[in-house]
Amino acid sequence: MAKVTHRKTQGSGVLKPGEEKWVQLGESDEFREGAIAVTAIPHHGTGGIQHVMRVDNVNVTEKEENKGDITYTSYHAGCSVKNNGQTTIVNWEVVVGVINP
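Residues numbered from 1 in each chain as written. Predicted model: local features only at pLDDT ≥ 70, side-chain atom pairs only at ≥ 80, totals over all residues. Heavy atoms only, no water.

A.B. asks: Describe the pattern of salt bridges, and please don't skip the residues or the numbers.
C.D. replies: Any two side chains of opposite charge can pair, on the condition that their charged atoms come close. Inspection of the entire model under this criterion finds 2 salt bridges. A salt bridge links Lys3 to Glu30; the shortest N-O distance between them is 3.5 Å. Placement of Lys3 in strand E1 (residues 3-10) and of Glu30 in the loop between strand E2 (20-27) and strand E3 (35-46) is noted, with a sequence separation of 27 residues between them. In this structure, Arg54 engages Asp56 in a salt bridge whose closest nitrogen and oxygen atoms are separated by 2.7 Å. Residue class for Asp56 comes out partly exposed when judged on its relative accessible area of 28%. (Salt bridge = Lys/Arg side-chain N within 4 Å of Asp/Glu carboxyl O. Helix = DSSP H or I, 4+ residues; strand = E, 2+ residues; numbered from the N terminus. Buried < 20%, exposed > 50% of the residue type's maximum accessible area, 1.4 Å probe, protein only.)

Printed below as a string of structure tokens:
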């Protein structure tokens with residue numbers, strides 16, 4: 001049976017219409033073989049009542065690291081989040097679901 005985990009990342013800063021930011025989703029072995037679902041959620045904004053966000057370019061990076069004599073592989077994920085609407089978004093978050101076999 002598949003294992004599903006969830007993470008939340010608080011958005012950082014205001015997103016004006018058309019503005020895009022890179023969001024680090026963190027480091028986890030779960031990213032190695034998992035399917036990642038990412039949703040950006042606008043909570044508050046100005047200039048209207050409809051706020052629209054888009055997630056693009058979800059990446060998982062494999063990185064070989066050394067700590068003394070020990071070499072290991074770490075897995076990091078990130079994505080691009082864009083204000084795809086006509087209003088300014090002042091409070092938002094990214095929710096991540098990771099599904100592993």
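A.B. asks: So what's going on with the sheet that holds E3? Which residues, and what values?
C.D. replies: Here we have 3 strands laid out as an open sheet, ordered E1-E6-E3, and antiparallel in their pairing. The open sheet has two edge strands, E1 and E3, and neither has a second partner. For this sheet, the mean angle separating the axes of adjacent strands, direction not counted, is 20 degrees. (Pairing = 2+ DSSP bridges. Axes fitted to C-alpha atoms, helices over the stretch in contact; angles between N-to-C directions.)

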